[in-house]
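Architecture and fold: a report
The primary structure of each chain is shown beneath.
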Amino acid sequence: MPDYSIYILQETDLTVAGTTSGNGLDGVNQGDGSHMVGGTITVNSSNWIPIGINDDDADFADNDNNQTLDQDVTVSTNNPPPNEIVTFTAGTRVEAEYRLEATGSDGLQYNIIAFNFATGSNAYGTIEGMAIIGPDGSFPPPGTVLTVDRAFEGPSAAAATYAEPICFGPGTRIGVPGGTRIIDDLQVGDLVRTRESGAATLRWIGRKTFPAVGAFAPVVFAPGAIGNRRELRVSQQHRLRVTGWQAELFYAADAVWVPAKHFLDRPGVRLEMGGQITYTHLLLDGHRTLIAEGIEAESLHPGDVALDAMGDAARAEVLAFFPEMGDDPSLTAYPALRAIEARALASA
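Residues numbered from 1 in each chain as written. Predicted model: local features only at pLDDT ≥ 70, side-chain atom pairs only at ≥ 80, totals over all residues. Heavy atoms only, no water.

**Quick notes on the sheet that holds strand E12 (residues 145-153)**
Pairing is antiparallel across the open sheet formed by nine strands, whose spatial order is E2-E3-E12-E9-E10-E11-E1-E4-E6. With partners counted over all chains shown, the strands left at the sheet margins are strand E2 (14-17) and strand E6 (68-69), one partner each. (Pairing = 2+ DSSP bridges. Helix = DSSP H or I, 4+ residues; strand = E, 2+ residues; numbered from the N terminus.)

Below, the structure written as structure tokens:
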């Protein structure tokens, strides 16, 4: 499996208008994105494609020669001839060419990352799609019009801040003081149990429905598969707390976070494809360990909220809840393993 995935929307799933030069998202002026300022990007689809990336660090950035595709990827581009289908082979270098700050017609602020398959002598001149660092870790729905306010060259951001589903499936029983409650019934202000600080207040709850296919399909743990009391559904990237001799021996840590997808080789663990799934985010006063169906799983990591994509008021509010983010937005409650590490531990 790749070290991480970045979800992109192909340029053919977008309508770009009002730019000052260039061809759609395609870059000019060394790919700084300045031609996009004042223009609009309309999201016409929810066909977000996961791009698996092998990397030697946890940041997806511009001008990083170590970011490569983990497998072949076929995308539809607006390059001449129109709607050309192009396959980029495993090992192709990829990068975040430029970053746009945009205001959505939904009233939210977004960071748009121009995704570039770095081929040819002027790779910066061609952008094959866009990725999103959203205000709540989610994607803009189809029909959203994004008005570009500012552009920046040379972006670099933690891969974990890019929009992708990291959350619980419906019906999950979450530990609360005195017992459990179904996640669908929880409200902002309710108390939940955490390993680190006992009862903790829910600061924000987000729910979003996705087609349960590909990278959006949930990981399902049968009762008892990893010590869970009932069937548990979480998104593939949702991290579970692992303790014991494996964490100590391999990583010199009492506990580590392992994404759910890395347990798929274990008995009783599978992907559930088809239909739709509504995922729920639970945000607390920092990154905490919740009890979900009797096992330890993460709350929404504050770094996944993507401070850079927020307006000033929202950013100030989140920093008031999470002051540690001002120093280290990547801070997690326990070490978060890279893909190769997580696979080794999950299979031990």
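**Considering the pairing of strand E21 (residues 239-243)**
Burial analysis of E21 places four of its five residues in the buried class, which makes it a mostly covered element. Two elements, E21 and strand E22 (residues 255-259), share five bridges in a ladder whose sense is antiparallel. Bridge pairing in E22 links Arg241 to Trp257. (Buried < 20%, exposed > 50% of the residue type's maximum accessible area, 1.4 Å probe, protein only.)

**Points about the pattern of salt bridges**
Taken as a whole and judged by the stated rule, the model has twelve salt bridges. Notably, a salt bridge pairs Arg150 with Glu101, separated by 2.8 Å at the nearest N-O pair. With Arg150 in strand E12 and Glu101 in strand E9 (residues 94-104), the pair connects residues that are 49 residues apart, well separated along the chain. Across the pair Arg239 and Glu298 runs a salt bridge whose closest N-O atoms are separated by 3.1 Å. A residue pair is termed long-range when its members are at least 10 positions apart, and Arg239 in strand E21 and Glu298 in strand E26 (residues 295-298) qualify at 59 residues. Classification of Glu298 as buried rests on a relative accessible area of 1%. Salt bridges here are not isolated pairs; linked through shared partners, they connect Glu231, Arg233, Arg270 and Glu272. (Salt bridge = Lys/Arg side-chain N within 4 Å of Asp/Glu carboxyl O.)

**Concerning the side chain of Asp32**
Relative to the helices and strands, Asp32 is located in the loop between E2 and strand E3 (40-43). Summary of buried charges: Asp32 has no salt-bridge partner, and the nearest side chain of opposite charge, Arg99, is 13 Å away. Within the structure, Asp32 has its side chain in polar contact with the side chain of Ser34 (distance 2.9 Å). (Lys, Arg positive; Asp, Glu negative; His and termini not counted. Polar contact = N/O pair within 3.5 Å; in protein donor to acceptor, adjacent residues only side chain to side chain.)

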